[in-house]
Amino acid sequence: MSSTRDLTTTTALVTGAGRGFGRATAIALAEAGARVVGVARDRAQLEEVRARIGDAFVPVAADAADPVVAGQLLDRYRPCTLVLNAGASPLTRPLQHQTWQTFSRNWEVDVQHVFNWTREALLLPLSPGSVVITFSSGAALAGSPLSGGYAGAKATIRFLTAYAAGESERGRLGIRLVSVLPGLTPATGLGAAGVAAYAARQGVDVATFLERRGPAITAEGVGRAVVDLATGDGHDRDAYLITPDGLAPVPA
Ligand SMILES: NC(=O)c1ccc[n+]([C@@H]2O[C@H](COP(=O)([O-])OP(=O)(O)OC[C@H]3O[C@@H](n4cnc5c(N)ncnc54)[C@H](OP(=O)(O)O)[C@@H]3O)[C@@H](O)[C@H]2O)c1
């Protein structure tokens, strides 16, 4: 992929940067030359990321689902790359063992945060040429029967991102908005809990479950895919799968 957008000396902002995909994305963006503002609630994890990246990483301990946080941080940093990755770990139980509160957790955190930040990005607006990348999930296509409302929430993030891309185009804002759909992976805490639950449901151990599924994505691979999207030419779709081989079109 030829790179046409140089991230050197630009600012990126990543929600959920304390661990998992967000941490790997922050590292990849910093290695591509960006100053990275990382948002998560766990200050110690953010400090660990700063120790890894150095002064190019600006930790902000805050609740990414809080609309005031979205408005304040976009006013302050005006990132030209905004990665909306933060997400709650769903309670991995069958439907009838969910309550409405557990079922709707990913709506309250994941969807609400994408809604708040995307809205602020359009209203500000971010500078022409900015890129907003939101985290949906492969579950948005396949469902997630042991994860409450997770799959529906992630499908809504994909829709919401496409709606916002349409508004950017109508308003000639020049902001590119795209969602990514990573596959389930044991590489993060959130993914490992899902893998364990689905393996148990199939009555197999985790190793057997993973072997049946084939290669899984890594956190570093997700970081690379986000940098490809942020810098690469020719990514004109509004959503991409993240596979072990990188970005791929979402099947029609
Ligand atoms: N892992 C997978 O298999 C998989 C597959 C498809 C999609 N995804 C999606 O990819 C994204 C990242 O997942 P992950 O696996 O990396 O999860 P993870 O390891 O649990 O990391 C989630 C990150 O989000 C942060 N976060 C959660 N709620 C937050 C809030 N209210 N405000 C600020 N930060 C918040 C967490 O930090 P604090 O708790 O410190 O706030 C943490 O840094 C999620 O949107 C997830 O749904 C994951």
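Placed above this text is the structure.
Residues numbered from 1 in each chain as written. Predicted model: local features only at pLDDT ≥ 70, side-chain atom pairs only at ≥ 80, totals over all residues. Heavy atoms only, no water.

All right, on to the packing of helix H5 (residues 105-123) against helix H7 (residues 150-170) then. Their axes nearest at 9 Å, the elements H5 and H7 cross at an angle of 5°. Taken together, H5 and H7 sit at an angle that is classed as roughly parallel. Contacts from Asn106, Trp107, Asp110, Val111, Val114, Phe115, Thr118 and Leu122 in H5 reach Tyr150, Gly152, Ala153, Lys154, Thr156, Ile157, Leu160, Thr161, Ala164, Glu167 and Ser168 in H7. A per-class count over the contact of H5 with H7 returns 10 nonpolar, 6 polar and 3 charged. (Axes fitted to C-alpha atoms, helices over the stretch in contact; angles between N-to-C directions. Helix = DSSP H or I, 4+ residues; strand = E, 2+ residues; numbered from the N terminus. Parallel < 35°, antiparallel > 145°, perpendicular 65-115°, else oblique. Contact = heavy atoms within 4.5 Å. Nonpolar A, V, L, I, M, F, W, Y, C, P; charged D, E, K, R; others polar.)

The ligand sits among 29 residues. The nearest are Phe21, Arg41, Ala64, Tyr150 and Thr188. In the model, an oxygen atom of the ligand is placed 2.7 Å from a nitrogen or oxygen of the Tyr150 side chain. Look at the ligand: alone it shows 880 Å² of surface, and the protein chains cover 97% of it. Of all the elements, helix H8 (residues 189-202) adds the most residues to the shell around the ligand, at 3 residues. When its residues are assigned to classes, the shell around the ligand shows 11 nonpolar, 12 polar and 6 charged. (Near = heavy atom within 4 Å. Polar contact = N/O pair within 3.5 Å; in protein donor to acceptor, adjacent residues only side chain to side chain. Areas by Shrake-Rupley, 256 points an atom, 1.4 Å probe, with all protein chains shown as cover.)

With that settled, consider the pairing of strand E4 (residues 81-84). Judged by which residues are buried, E4 turns out to be covered on both faces: Thr81 and Val83 on one side and Leu82 and Leu84 on the other are all buried. As paired elements, strand E1 (residues 11-15) and E4 share 4 bridges and run parallel to each other. Following the sheet pairing, Leu13 is matched in E4 by Leu82. Pairing between E4 and strand E5 (residues 131-135): 4 bridges, direction parallel. Bridge pairing links Leu82 to Val132 in E5. (Buried < 20%, exposed > 50% of the residue type's maximum accessible area, 1.4 Å probe, protein only. Pairing = 2+ DSSP bridges.)

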